[in-house]
Amino acid sequence: MAISDHIIDQIRTSSSIEYVIQEYVPDLKKSGKNWKCCCPFHSEKTPSFVVSPEKGIFRCFGCGVAGDVFKFVMLIENIPWIEAVRKLAQKSGITIEERKEDKIALSEKAKIFELLENAARFYHRCFIESKSAQIARDYSKERGLSQETIQKFMIGYAPKGKLLESALKKGYSYEELVKAGLVTKTESGMFFEYMSDRLVFPILDIQGRVVAFGGRTLTNQKTKYLNTPETAVYSKSANLYGLFQTLPDLKKDKRIILLEGYMDVVMTQQYGISGAVASLGTSFTAQQAKLIARYAEDIIVLFDSDDAGRTATQRALEIFAENDITSRTVSLPEGVDPDEYLLEHGEKSFDDLINKKSKSAIDFMTDRITGFNDLKKSGGKAKAASALLDFVVKNKNTITQREYIREISQRLNLEEEILWQEFKKRKIFKTENITKQDLLIKDKKDKEENILEEEMIKFLLSQDCRNFAGKLDGEFWTSEKCRKIYGFFKEKKDVAAAEILSKLEDDDAGWFSGLVMEATAKTGDLQEIFDSLYRDIQAEKLKNARKRLEKEILLMTDGKIPVDAEKIKEYNLLTSKIKGSGKNK
C-alpha cells in the first residue's frame, strides 16, 4: 500500500515517540534531554535503551536495535510496517486515504488469508470428525501427540479432493484457490489439491495468521513432506514453523532451538521445551537467521546426525556466522529424531543434552573437518586448517575470530601466528586482491577516512547545514553507508533523521542511529566547518591513493618488478597534491 510521505510525516510528528514507547515500557524515564530504560528487546540489568524525542528515534546501545516510532511498534507488537502506521494514525486521529489499487491489493490479500484460515479449519475438522481421517489419528497417536498439542497447532487431515469441493460450494473460485496456494492447475486444465491424503500442519506467520501448509504423506506418495507454494502472503525464506506458538515463552526464556521437521517442533513444544522452531522445507536462509536473532540470545541448531543433517548443520552455522549471530549445536544419536528421543528419555534428559553436551560452532566445525582429514599427515593438517579458517573468515566479530583461531591452534597443534598469517590472506582475498601489507594500511586508513566521512554526515544532519549537501556528489564518498545516507539528503532536502532511519536495514540502522545520537547543532562559521571537513577528507583520499602506489614503487626501485613510468608519474603527482593540500590548511 502506498501512503504519501506527507501523511507518514504527519503521523510520525503526531506520535511523540517517548510517550508511545512509555505505554509499552512504563519504566522509561526522562534522563536529561533523552529518555532511558532497560531494553524491551533483550535482557539487561543496566539501562542502555535511549529515546531521543528531539530526533524522533530510539536506540539500544546494548543489542543495537534502533529505529523510529513505527519501527518500535512493529517490533514490540510483531506487526508489519503498514499495520504500525495504521495503528499510530488511528491513535492520532489521522485518516489514511487509500488508493483504489491499494484497496484492491489489500482486498486480494484479505481474501487469501480468509481462504487459508477456512482451509485450516476444514482440515482440522476433518482430522477430528472424518472417518477417512482414522489413518491420521492412528499415526498421531503412534507418534505420541496429545489432544492439547493437536489443538494448539491446529493439526489436520486432507481427504483427497474434499477441500476443493467444499471451497467451491462456499463460492470461492478456482483462481482464488490457486492464488492461495491450495490447488494447482495442470496443463490439461485439471485442478488438484496440494494437500491430499496427508497429515496437515498449518504454517502461521508472526501474527498468528495461516499463510501456508505443510503435509506429511500417510499413503505411498513419493514425496514424504510437501509444502504449499509461495504466495502473496507467504515466503518460505521469511517464516519459521512453530515460532508463533512459542512467542510467549521467548519473552522470558530467550532461547531458540532450530530443528528440521514439523513433528520435531510439535513434540518438543509438547514436552514443555520452549523455543522449538523449524525452517520450511527449504535450505536455511539469512532472513530466517535474522528472524531468530530478533527473539533469541541463545541459539541451538539440532538437526539429524546423519551426513545430510551434519551438512545442513554446517551451513546453518555458516549463515549465523555471516550475519554476526552466535550459535551452538547439539547432536542426537544417529537415526534418532528429537521426538523419538523425548518419548524414550523424557524432557530432563533432553534439557541436559541441550545444556551440558552442546558444542560451540567452532568445536562442531573442527570435529567435522578433522574427521575428513588425517592430521598425522602434514597435508591433512593443512587442509583441515584451511577449511576451518574459511569458516573463521565468515565471522565478522574480531573477538570471535581470535577465540576461534586460538581454539584451532590448540586442536591442530599449530602456532597461532601461522594461522593468523593464513587468516589474513583469506580476509584479503575475500575483500580485495591486495597484499597483507596493503590490508594493514587499508584497515587503518579506511577507518580514518570513514570517521571523517561520518563527521560530514553528522554535520549535514543539522538542518542549518543541509544546503551544503548540494556542494557534494555521490563520487565524494568512499563509504557505501555514508553514500547511502547522502542520497536521502539529495532526494529530500529537509528529510528527518527518523525518516531516513525507517528506510534502512537493521545493520545500517544501528550504525546510523549512533551518528544521529552523537550529532549536535552546529554553531559558528558553518562554511568554515564544511571547508575544513571537505579538505581533510580529500587529503585522506590522496594519502591512501599514494600509499597504495608506494609499495609498487619500492619494488620497482629494488628491481623486483618492471619500472612503470606512468605509475611513478602518478605517485609524484599525488605527493605534490598532498603537499599542496597541507599548505592550504
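Residues numbered from 1 in each chain as written. Predicted model: local features only at pLDDT ≥ 70, side-chain atom pairs only at ≥ 80, totals over all residues. Heavy atoms only, no water.

### Structural notes on the sheet that holds strand S1 (residues 29-31)
Picture the strands of a sheet paired through backbone hydrogen bonds; they go either parallel or antiparallel. Spatial ordering of the open sheet is given by S1-S2-S3-S4-S5, a layout of 5 strands whose pairing is antiparallel. Strands at the two margins of the open sheet, each flanked by one partner only, are S1 and strand S5 (66-67). Pairing analysis gives 3 bridges linking S1 to strand S2 (residues 34-37), with the strands arranged antiparallel. When the bridges of S2 are listed, Lys30 appears paired with Trp35. The strands that helix H3 (residues 69-77) touches are strand S3 (49-52), strand S4 (57-60) and S5; relative to S4, the one it contacts most, it runs at about 50°. The sheet contacts of helix H22 (residues 506-518) involve S3, S4 and S5, and relative to S4 the element is tilted by about 110°. (Pairing = 2+ DSSP bridges. Helix = DSSP H or I, 4+ residues; strand = E, 2+ residues; numbered from the N terminus. Contact = heavy atoms within 4.5 Å. Axes fitted to C-alpha atoms, helices over the stretch in contact; angles between N-to-C directions.)

### Points about helix H2 (residues 17-24)
Here H2 has its buried residues at Ile17, Glu18, Val20 and Ile21. Down the axis of H2, the buried set is contained in an arc of 165°. They therefore lie on one face. Where H2 is buried, its residues meet S2, S3, S4, H3 and helix H4 (81-92). (Buried < 20%, exposed > 50% of the residue type's maximum accessible area, 1.4 Å probe, protein only. Arc of directions from axis to C-beta.)

### Considerations on the pairing of strand S12 (residues 255-259)
Judged by how many residues are buried, S12 sits mostly within the fold: 5 of 5 residues are covered. As judged from the 4 bridges shared by S12 and strand S14 (residues 298-301), these two strands associate in the parallel manner. Bridge pairing in S14 links Arg255 to Asp298. As paired strands, S12 and strand S13 (residues 276-278) are joined by 3 bridges and run parallel to one another. Across the sheet, Ile257 pairs through a bridge with Ala276, a residue of S13. Read as a crossover between parallel neighbours, the route from S12 over helix H11 (residues 262-270) to S13 is right-handed. (Right-handed = clockwise from strand over helix to strand, strands pointing away.)

### Digging into the environment of Lys162
Along the chain, Lys162 turns up in helix H8 (residues 162-169). Along the primary structure Lys162 and Tyr172 are separated by 10 residues, whereas in three dimensions their C-alpha atoms are 14 Å apart. Setting aside residues no more than four positions away along its own chain, Lys162 makes contact with Phe122 and Glu193.

### Quick word on the side chain of Ser130
Structurally, Ser130 can be placed in the loop between helix H5 (100-129) and helix H6 (134-143). Its relative accessible area of 19% is what places Ser130 among the buried residues. For Ser130, the side chain forms a polar contact with the side chain of Ser132, separated by 2.7 Å. Not counting residues within four places of it along the chain, the set of residues in contact with Ser130 comprises Arg125 and Arg137. (Polar contact = N/O pair within 3.5 Å; in protein donor to acceptor, adjacent residues only side chain to side chain.)

### Comments concerning the sheet that holds S14
Read from one edge to the other, the open sheet built from 5 strands follows the order S13-S12-S14-S15-S16, with strand pairing classed as mixed. Each edge of the open sheet carries a strand with a single partner, namely S13 and strand S16 (359-360). Against the sheet, helix H14 (residues 338-356) makes contact with S12, S14 and strand S15 (328-329), and its axis sits at roughly 140° relative to S12, the strand it touches most.

### Structural notes on the packing of H3 against H4
Here H3 crosses H4 at 110°, and the two axes come no closer than 9 Å. Between H3 and H4, the angle is such that the two are roughly perpendicular. For the pair H3 and H4, the crossing hand works out as right-handed. Here Val69, Phe70, Val73, Met74 and Glu77 of H3 lie close against H4, whose contacting residues are Trp81, Ala84, Val85, Lys87 and Leu88. Classifying every residue of the contact of H3 with H4 by side-chain character gives 8 nonpolar, no polar and 2 charged. (Parallel < 35°, antiparallel > 145°, perpendicular 65-115°, else oblique. Left-handed = near helix turned anticlockwise from the far one by under 90°. Nonpolar A, V, L, I, M, F, W, Y, C, P; charged D, E, K, R; others polar.)

### What to know about the pairing of S3
Along S3, one buried face is formed by Phe49 and Val51 and the opposite face, lined by Val50 and Ser52, is buried too. Bridge count for S2 against S3 is 3 bridges, and the pairing is antiparallel. The partner of Lys36 across the bridge, within S3, is Val50.

### Quick look at the packing of aromatic side chains
Across all of its chains, the model carries 28 aromatic pairs by this definition. Centroid distance Tyr174 to Phe191: 4.3 Å. Interplanar angle 20°. Geometry classified as stacked. Taken as a pair, Tyr174 in helix H9 (residues 174-179) and Phe191 in strand S8 (residues 191-193) lie far apart in primary sequence, 17 residues in all. Summarising the aromatic geometry, the rings of Phe201 and Tyr262 are spaced 5.1 Å apart at their centres and angled 15° between planes, so their arrangement reads as stacked. On the criterion of sequence distance, the pair formed by Phe201 in strand S9 (residues 198-204) and Tyr262 in helix H11 is long-range, its members being 61 residues apart. The class of Phe201 is buried, set by a relative accessible area of 0%. (Phe/Tyr/Trp six-rings, centres within 6.5 Å; stacked < 30°, edge-to-face > 60°.)

### A short note on helix H23 (residues 526-557)
Under the 1.5 Å per step criterion, the end-to-end length of H23 is 46 Å for 32 residues, consistent within 8% with the ideal 46 Å. The axis of H23 is deflected most strongly, by about 30°, at Glu550. Where H23 is concerned, the buried positions are Leu526, Phe530, Leu533, Ile537, Ala539, Glu540, Lys541, Leu542, Asn544, Leu549, Ile553 and Met556. The N-capping residue of H23, defined by a side-chain oxygen 3.1 Å from the backbone nitrogen of Gln527, is Asp525. Residue Gly559 follows H23 closely and has a positive phi angle near 75°. (Expected span 1.5 Å × (residues − 1). Bend = angle between axes of the 7 residues up to and from the residue.)

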